[in-house]
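# Structure assessment
What follows is each chain in one-letter form.
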Amino acid sequence: SYPGSGNTVYDLSGNNHDFTISGNMNYDTTNGFTFERGQTAKYLKQTNFPHPTTTITNEILVKTSSPNNAGLLSYNKSGNDNANLIYIINGQVRTHHKGFYRDTNINLSDNQWHHFVQTIDKSSGVDKIYLDGALVLTYNTNNTLIPTNGCLAIGQDFDTTCGGFQTNDAFGGYLPMVRMYDR
């Protein structure tokens, strides 16, 4: 939750996994934060994030017209680039997690609101993606666990451990809700 001022986005789960706001980001109560393309200074970040290792649900409410190179959610730890990444490339969502990536053919870049949910189950090696409440994709992945206590960014893509942002990886649009569950 964001109270409308300051540089902290507060975790509503009660677990104190608050985000730091980097840069001067526009915010309104209807659309949330306005993320901007072509820059490296405006994003949300948390270090030492206790990322779930085995069973993960990523849930994002998103509106964008960005067709290419846009990091919605990026998690990494030293030696584990793209340990959990949701990215738009060539107009479609690409998901990465620890040794695996998948181009999904899911388009979020139509400037409409979308509810995107990805479930990752490392014990079974199966991922599922839901779009606007409907299951749209199920696929096999791997059983490699995602490391914990790394860095998590919203609106950018880590290219090095907890940094290395590129202007062409900045997300442009709105992300008023991002949730991650350990189930």
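This write-up is about the structure you can find in this document.

Strand pairing in a sheet is mediated by backbone hydrogen bonds. Such pairs are either parallel or antiparallel. Read from one edge to the other, the open sheet built from seven strands follows the order β3-β4-β15-β6-β11-β12-β13, with strand pairing classed as antiparallel. Because the sheet does not close on itself, it has two edges, and the strands there are β3 (26-28) and β13 (134-140). Going across the sheet, the axis of each strand differs from the next one's by a mean of 25°, ignoring polarity. Where β3 meets strand β4 (residues 32-35), three bridges bridge the pair, whose relative direction is antiparallel. Residue pairing in the sheet places D28 in a bridge with G32 of β4.

Before going further, it helps to examine the side chain of N58. Of note, N58 is situated in strand β6 (residues 55-63). Exposure remark for N58: the relative accessible area of 0% places this residue in the buried category. Within the structure, the side chain of N58 is placed 3.3 Å from the side chain of N84, a separation counted as a polar contact. Setting aside chain neighbours within four positions, we find N58 in contact with L73, N84, I86, F116, V117, Q118, I120, R179 and M180.

Even without a glycine there, the phi angle at N90 is positive, about 50°. Here N90 shows up in the loop between β8 (80-89) and β9 (92-96).

Glancing now at the state of the cysteines. Counted by the stated rule, this structure contains one disulfide. Sulfur-sulfur distance for the disulfide between C151 and C162 comes to 1.7 Å. Linking C151 and C162, the disulfide has an S-S dihedral of approximately 85° and is accordingly described as right-handed. Note that C151 is positioned in strand β14 (residues 150-154) and C162 in the loop between β14 and β15 (173-181), a separation of 11 residues in sequence. The class of C151 is buried, set by a relative accessible area of 3%.

Looking now at the nonpolar core. The biggest cluster of nonpolar side chains holds 34 residues, and the ones touching the most others in it are F33, F35, L44, L72, L108 and L175. Ranked by residues supplied to this core, first place goes to strand β7 (residues 70-77) with four residues. Once you skip the residues sitting within four places of it in the chain, L44 turns out to touch V9, F19, T20, I21, M25, F33, F35, L152, A153 and I154. In this structure, Y43, C151, A153 and F158 belong to the second largest nonpolar core, which totals five residues.

Let us now look at the environment of I56. In this fold, I56 is placed in strand β6. For the pair I56 and T119, spaced 63 residues apart in sequence, the C-alpha to C-alpha distance is 5.8 Å.

A separate point is the pattern of salt bridges. The full count for this structure, using the stated rule, is three salt bridges. One salt bridge in this structure joins K42 and E36, with 3.2 Å as the shortest N-O distance. Two residues, D103 and R94, come together in a salt bridge whose shortest N-O distance is 2.6 Å. Judged by its relative accessible area of 28%, D103 is partly exposed. The exposure class of R94 is buried, given its relative accessible area of 18%.

Conventions used here
- Residues numbered from 1 in each chain as written.
- Predicted model: local features only at pLDDT ≥ 70, side-chain atom pairs only at ≥ 80, totals over all residues.
- Heavy atoms only, no water.
- Pairing = 2+ DSSP bridges.
- Helix = DSSP H or I, 4+ residues; strand = E, 2+ residues; numbered from the N terminus.
- Axes fitted to C-alpha atoms, helices over the stretch in contact; angles between N-to-C directions.
- Buried < 20%, exposed > 50% of the residue type's maximum accessible area, 1.4 Å probe, protein only.
- Polar contact = N/O pair within 3.5 Å; in protein donor to acceptor, adjacent residues only side chain to side chain.
- Contact = heavy atoms within 4.5 Å.
- Disulfide = S-S within 2.5 Å.
- Core = buried A, V, L, I, M, F, W, Y, C linked by side-chain atoms within 4.5 Å.
- Salt bridge = Lys/Arg side-chain N within 4 Å of Asp/Glu carboxyl O.

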